[in-house]
Amino acid sequence: MRDAEVAHAIHPIVFKYLLTAEETTKTLQECGVSRAANVAQISTGSFLTHRYATNRPTKQRDLFQAT
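Calculation criteria
Residues numbered from 1 in each chain as written. Predicted model: local features only at pLDDT ≥ 70, side-chain atom pairs only at ≥ 80, totals over all residues. Heavy atoms only, no water. Helix = DSSP H or I, 4+ residues; strand = E, 2+ residues; numbered from the N terminus. Buried < 20%, exposed > 50% of the residue type's maximum accessible area, 1.4 Å probe, protein only. Contact = heavy atoms within 4.5 Å. Core = buried A, V, L, I, M, F, W, Y, C linked by side-chain atoms within 4.5 Å. Salt bridge = Lys/Arg side-chain N within 4 Å of Asp/Glu carboxyl O. Arc of directions from axis to C-beta. Polar contact = N/O pair within 3.5 Å; in protein donor to acceptor, adjacent residues only side chain to side chain.

## Examining the overall build of the protein
- The helix and strand inventory of the protein stands at five helices and zero strands.
- When the elements of the protein are put in sequence order from the N terminus, they spell out α-α-α-α-α.
- Looking at the 67 residues of the protein, the share that counts as buried comes to 25%.
- Intrachain contacts of the protein at a sequence separation of at least 6 include 57% that bridge at least 24 residues.

Below, the structure written as structure tokens:
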């Protein structure tokens, strides 16, 4: 399976529980998913924020608490 397919499959869970890329990576590694860090970045959208955001909160939860 491609990384994007795995990320698409787990995205609803990542979004529901507001998991960070680090939390998602750890969980995927425990499940034995290859390239877990890449899948986690895709599913959490952190690959976009690393490129374009400079002063972003460290966790996705911080985004929702700030509003």
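## Digging into the nonpolar core
- Counting residues in each nonpolar core, the largest one holds eight residues, listed as Val6, Ala7, Ile10, Val14, Leu28, Ala36, Val39 and Ala40.
- The element contributing the most residues to this core is helix H1 (residues 3-16), with four residues.

## Here we look at unusual backbone geometry
- Look at Leu18: it is not a glycine, yet its phi comes out positive at around 50°.
- Tracing the backbone through its elements, the reader meets Leu18 in the loop between H1 and helix H2 (21-30).
- For Arg35, which is not glycine, the phi dihedral falls at a positive 55°.
- Within the secondary structure, Arg35 sits in the loop between H2 and helix H3 (36-44).
- By relative accessible area, Arg35 is classed as exposed at 56%.

## Focus on the pattern of salt bridges
- Per the stated rule, a full pass over the model turns up one salt bridge.
- Two residues, Arg35 and Asp3, come together in a salt bridge whose shortest N-O distance is 2.8 Å. Of this pair, Arg35 sits in the loop between H2 and H3 while Asp3 sits in helix H1; the two residues are 32 residues apart in sequence, bridging distant segments of the chain.

## A word on H2
- For H2, the complete set of buried residues consists of Ala21, Thr24, Thr25 and Leu28. For H2, the buried positions fall inside an angular range of 100° around the axis, keeping them on one side. Exposed and oriented more than 90 degrees from the buried face of H2 are Glu22, Lys26 and Glu30.
- At the C-terminal side of H2, Gly32 shows a positive phi close to 85°.

## Brief notes about the side chain of Asp3
- On the basis of relative accessibility, which here comes to 14%, the residue Asp3 falls in the buried class.
- One polar contact links Asp3 to Arg35, side chain to side chain, over a distance of 2.8 Å.
- With sequence-adjacent residues up to four places away left out, Asp3 is seen in contact with Arg35, Asn38, Val39 and Ile42.

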